[in-house]
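# Residue-level structure breakdown
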Amino acid sequence: MEGQILLYIQNRIRVAALNPIVVAITSLGNAGWFWLALSILLFLIPKTRHLGVLCCCSMFFMVVLNNMILKNLVDRIRPFVDYPDILPLGHIPKDSSFPSGHTAASFAVATVILCRTKKRFGIPAIILATLIALSRLYVGVHYPTDVLGGFVMGLLCSFLGMRCGELLCAVLSKKFPSFKNPSASEKSEKDSMEQKSDLC
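Residues numbered from 1 in each chain as written. Predicted model: local features only at pLDDT ≥ 70, side-chain atom pairs only at ≥ 80, totals over all residues. Heavy atoms only, no water.

What follows concerns the nonpolar core. Membership of the largest hydrophobic core comes to 37 residues, with the highest contact counts inside it found for Trp35, Cys55 and Met62. Looking at this core, the elements with two or more residues in it are α1 (2-13), α3 (33-44), α4 (49-74), α6 (101-116), α7 (119-138) and α8 (144-172). No other element matches the eight residues that α6 contributes to this core. Every residue in contact with Trp35, bar those within four places of it in the chain, is listed here: Met59, Ala105, Ser106, Val109, Ala110, Ala125, Leu128, Ala129 and Ile132. (Core = buried A, V, L, I, M, F, W, Y, C linked by side-chain atoms within 4.5 Å. Buried < 20%, exposed > 50% of the residue type's maximum accessible area, 1.4 Å probe, protein only. Helix = DSSP H or I, 4+ residues; strand = E, 2+ residues; numbered from the N terminus. Contact = heavy atoms within 4.5 Å.)

Turning next to the pattern of salt bridges. Within this structure, the stated rule accounts for five salt bridges. Arg116 is paired through a salt bridge with Glu166; the nearest N and O atoms lie 2.2 Å apart. Here Glu166 lies in helix α8 and Arg116 lies in helix α6, a separation of 50 residues in the sequence. Take Glu166: its relative accessible area is 23%, and that puts it in the partly exposed class. Bridged by salt links that share partners, the residues Glu2, Arg76 and Asp146 form one connected network. (Salt bridge = Lys/Arg side-chain N within 4 Å of Asp/Glu carboxyl O.)

The subject of this paragraph is α8. Between its terminal C-alpha atoms α8 stretches 41 Å, which fits the 42 Å expected from 29 residues at 1.5 Å a residue. All of the buried residues in α8 are Asp146, Val147, Gly149, Gly150, Met153, Gly154, Cys157, Ser158, Gly161, Met162, Gly165 and Cys169. For α8, the secondary structure elements touched by its buried residues are α4, α6 and α7. (Expected span 1.5 Å × (residues − 1).)

Shape descriptors only; they carry no functional weight alone.
Next comes the structure, spelled out in structure tokens:
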């Protein structure tokens, strides 16, 4: 059934003019390089260091739980191996198929950004993550359930990353102020101003 879905996408939805665009989108998730680079960049900027730690923690859980453990446990064959009529586009992965690492990495970081920043940053991140996930079906290298599994794993890793990242930042912020949660600092300043106002 899933193979038939991919063949339908290949035969009815693929367009020559669209192929290089989708391949470019899907390449953003190769080895999770885009999301890893974004996480490191956020970490290097003092103003976004707290967010960067959460994103890096999410990526860490994604690599361990999704790529190192679950992929090897399930060891699912790629759809283009099961169905020779499926012609993959772009880079042809050699690891197992379930769950989608591209999807997991994308949602692991994008969900953190959505939950911990303003909507004008979070919504584009989620849109890009969704495009990368859907591109894996378009290029014929993942079954739909691979992408769904990657989505679930991405959400799980983002949750674990935020929880563990907050604990790590709480410890590091005692010596390094740049690791403090900006929203918590703003709330503290607001409460302090309200207390002064009450005294007046």
